[in-house]
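Single-letter residue listing:
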Amino acid sequence: MFLSKVPNRIAAIRKTLSASGDMHVPVPDKSYDVVVMGYGAAGAAAALEAAAAGAQVLVIDGSVGGGSTQRSGGVIYLGGGTQSQIDAGFEDDAENMYRCLKIESEGAVDDDRMRAFCEESKGNFEFLRDNGVKFADPSKDKAVYWPKKASLPPGDSTIYWSGNEEAQPWASAARPAPRGHWPWFPGCGDKNEDSVQAPTRGHVLFNALDAAVTSNPNIVVQEHCRGVSVLMENGRASGLRVRALPDLPAIGALNQMLYGIATMTEYDFTGNARRECMRISGELFEEFGQEHDVTATKGVIISAGGYFFNDSWVEKYAPDRRGNMPLGNMGDDGSGIATGQGAGGAITMMNRCTTWKFMAPPNGFLSAAFVDTKCAQRFSNEDVYNAKLVDRQFARADGKAWCIIDSKLYQEIEAEIQDGSNVLYGFQRWLSVISLKALCKQGNSWAQLARACGLPADGLEKTMERYNDDARRGGDTNFGKQPKYLRPLDEPPFYAVWVDGTIGAPQRALLRALPIAAPKYMTMFPMLPLIKAAVNLGVTMPPSPTFSLGGLHVDISQRVLNEKDLKPIPGLYAAGRSASGVATGGYVSGLSIADAVFAGRRAARHATLGVADATAAAGFYTGSLAGREMSEVPIMEATQSKL
Ligand SMILES: Cc1cc2nc3c(=O)[nH]c(=O)nc-3n(C[C@H](O)[C@H](O)[C@H](O)COP(=O)(O)OP(=O)(O)OC[C@H]3O[C@@H](n4cnc5c(N)ncnc54)[C@H](O)[C@@H]3O)c2cc1C
């Protein structure tokens with residue numbers, strides 16, 4: 001195993017370094033206008049925006065940049081009348097988008113932020129496009145629209161329904177419009193449904209931004225360089241203390257490899273490889289890294305991702321998700337958030353996470369009835385975005401539920417898995433087979449099925465009676481599920497698929513005891529007996545990918561608020577998953593990256609121009625901030641005069 005060879009490599013590096021005597025650590029020693037800590041979507045957006053305002057920018061990253069953004073699906077939630085929406089034949093505007101997203105956030109995102117996000121969304125689409133992200137095949141110059149519900153659409157699509165726009169109550173509150181924008185790249189239309197892994201596009205998005213950043217003469221990117229603490233001067237953030245690895249290819253390659261391995265959490269159910277990589281990378285920085293202070297005359301922007309790779313923070317802030325599979329990258333260790341806290345910054349909504357347990361596609365599962373594990377009652381319309389359904393599972397019954405289907409629907413789902421209709425990617429087919437074959441109970445009556453699942457029989461009978469009556473009448477009187485997904489489930493035998501957004505203590509112990517999990521391309525069939533055995537032992541499959549949504553408490557200009565009085569800390573900003581944001585209220589596909597771009601740009605705009613100037617810039621939201629601008633001006637004036 002590669003990790004066992006690491007000590008030899010470190011020893012070789014040590015020897016080289018002691019031989020070379022003068023170790024070159026490549027941190028530029030001059031001061032910058034803006035220092036950006038963390039180079040993912042938020043960091044790239046911040047750097048480009050600050051540079052566009054004429055600032056000299058340093059971007060640092062603990063690895064080579066890209067972060068979770070690079071390995072993400074690459075879906076970006078944009079609206080308000082983007083060109084892609086127009087191409088797809090939909091009308092949208094900021095107010096319409098706001099009415100929809102307001103429901104998404106469940107009151108956790110303040111109104112000013114939500115309005116600003118929607119007002120600026122079309123501008124952010126143009127910002128991304130101007131910086132090289134293609135949302136249409138250049139030879140056709142028209143977005144390709146995918147009309148069906150999908151977690152990810154077919155390869156050549158560039159716009160689809162990535163959220164809850166068509167479900168209730170969203171559809172009643174706002175005119176439905178698709179907002180999931182997916183970057184185009186040459187060859188993306190080639191058939192790729194059989195890919196074992198999710199067909200991600202985060203690298204397409206990030207590579208475009210990276211090209212724009214690295215070709216910008218105002219921006220310097222420093223790899224293998226970690227932010228350690230914010231430098232404060234008279235209550236203002238004046239720079240960043242960083243720890244950088246020496247400019248030695250062997251060290252950089254080793255560090256990058258550790259990030260790569262730690263990030264492959266889908267093959268490391270135990271988490272042991274991840275923990276080991278994080279530990280070794282930490283030691284690399286401790287032993288070989290050198291500390292430098294970098295001055296930031298206009299602002300320090302923390303955009304270093306979230307915290308779900310930090311086990312003790314998960315235990316502390318989101319204990320209901322502990323043991324879940326961390327989704328992100330090794331930089332999601334909470335160090336960005338902790339750096340802001342070290343400067344006095346407050347944190348907020350740290351318990352908020354998103355957990356993915358996608359049942360559909362196959363879209364047959366949208367016609368199932370999900371019931372809780374205690375009373376066998378439905379708790380949601382099943383056609384909502386999957387992570388919302390899981391959120392509701394957590395709110396209702398510890399993240400667990402049964403997905404009820406009848407034999408006719410069972411067969412239809414099986415057929416869908418076979419024929420690949422509704423775009424089933426390889427990994428989705430794989431998960432569906434696990435659901436039907438390994439996580440499924442059966443009963444010839446509702447009472448029998450209830451017994452098999454440990455549910456109250458009268459509860460399940462009552463729930464299914466009402467559900468089937470509603471389906472026959474064509475309207476869900478409980479939650480308003482769309483009629484196209486509503487149908488009676490009345491043909492025995494009945495089935496219940498176990499859906500669990502958590503991993504309990506016994507499972508965790510077992511997983512830790514297991515070696516590194518299944519090889520990448522092992523097919524599902526030889527694995528099924530293994531999976532069944534694991535399920536019988538109480539292991540949740542698959543292990544509920546999760547990332548954190550809470551972070552540093554920021555104002556609408558992304559200034560980090562002081563823990564003592566919730567007033568902005570001058571010169572200190574946070575964006576993306578290091579901060580609370582629009583996605584914190586509730587994630588749908590694309591919202592995290594869209595929030596990172598929105599917040600990164602905003603932070604940079606405020607740091608470089610101040611709000612008064614920033615409002616004059618095209619596409620920058622002015623709306624309901626009017627009352628606040630005056631109170632912010634003195635801070636900026638004080639800041640500017642000090643520079
Ligand atoms: C498989 C997967 C699929 C996803 N799909 C989508 C999707 O389709 N749409 C969507 O909106 N979201 C998606 N997400 C979530 C989304 O990718 C992230 O939430 C988002 O990209 C975070 O952006 P960011 O800029 O805040 O952080 P990141 O992109 O993670 O960038 C942070 C950077 O900071 C660096 N860093 C960390 N600590 C330090 C430090 N101390 N010093 C210096 N640098 C540091 C890291 O190395 C990293 O490069 C997905 C995530 C995953 C893992």
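In this text the structure is predicted, and so the values were computed from the model without any measurement.

K.L.:
Would you explain the site of the ligand in this entry?
P.N.:
Neighbouring residues of the ligand: 38 residues in total, closest Asp61, Thr69, Gly227, Ser592 and Ile593. Glycine 67 places a main-chain nitrogen or oxygen 3.2 Å from an oxygen atom of the ligand. Between the ligand and the protein, one listed contact pairs a nitrogen atom with a side-chain N or O atom of tyrosine 587 at 3.1 Å. Elements with a minimum of two residues in the shell around the ligand: α2 (41-52), α3 (67-71), β8 (225-233) and α20 (591-614). Of the residues belonging to the shell around the ligand, the class tally is 14 nonpolar, 20 polar and four charged.

K.L.:
It is not clear to me how the nonpolar core should be interpreted in this structure. Could you clarify?
P.N.:
Note on soluble globular proteins: their nonpolar side chains tend to be buried together. Formed by 111 residues in total, the largest nonpolar core has its most connected members in Val57, Phe117, Leu128, Phe370, Ile404, Leu460 and Leu591. Sort the elements by how many residues they give to this core and α20 lands first, with ten residues. If we skip the residues at most four places from it in the chain, phenylalanine 370 touches Met359, Phe365, Gln377, Arg378, Phe379, Glu382, Leu389, Gln393, Ala401, Trp402, Cys403 and Val499. If you look at the next biggest cluster of nonpolar residues, it comprises 33 residues, including Cys225, Leu240, Ala244 and Ile569.

K.L.:
Help me out: how do you make sense of the sheet that holds strand β4 (residues 145-146) in this one?
P.N.:
Across a sheet, paired strands are connected by hydrogen bonds in the backbone, their directions being either parallel or antiparallel. Taken together, four strands build an open sheet; the order of strands is β3-β6-β5-β4 and the sheet is mixed. Sheet topology places β3 (76-77) and β4 at the edges, where each strand pairs with a single neighbour. For β4 and strand β5 (residues 159-160), the ladder comprises two bridges, and the chain directions are parallel. When the bridges of β5 are listed, tyrosine 145 appears paired with isoleucine 159.

K.L.:
Explain the packing of helix α16 (residues 446-453) against helix α17 (residues 457-473) here, please?
P.N.:
To characterise two packed helices, one gives the angle between the axes of the helices and the distance between these axes. Two elements in contact, α16 and α17, have axes whose closest approach is 8 Å; the angle formed by their N-to-C orientations is 130°. Viewed along their axes, α16 and α17 adopt a mutual orientation that is oblique. In the crossing of α16 with α17, the sense of the turn from one axis to the other is right-handed. Each of Trp446, Ala447, Leu449 and Ala450 in α16 lies in contact with α17, whose residues at this interface are Ala457, Leu460, Glu461, Met464 and Asn468.

Calculation notes
Residues numbered from 1 in each chain as written. Predicted model: local features only at pLDDT ≥ 70, side-chain atom pairs only at ≥ 80, totals over all residues. Heavy atoms only, no water. Near = heavy atom within 4 Å. Polar contact = N/O pair within 3.5 Å; in protein donor to acceptor, adjacent residues only side chain to side chain. Helix = DSSP H or I, 4+ residues; strand = E, 2+ residues; numbered from the N terminus. Nonpolar A, V, L, I, M, F, W, Y, C, P; charged D, E, K, R; others polar. Core = buried A, V, L, I, M, F, W, Y, C linked by side-chain atoms within 4.5 Å. Buried < 20%, exposed > 50% of the residue type's maximum accessible area, 1.4 Å probe, protein only. Contact = heavy atoms within 4.5 Å. Pairing = 2+ DSSP bridges. Axes fitted to C-alpha atoms, helices over the stretch in contact; angles between N-to-C directions. Parallel < 35°, antiparallel > 145°, perpendicular 65-115°, else oblique. Left-handed = near helix turned anticlockwise from the far one by under 90°.

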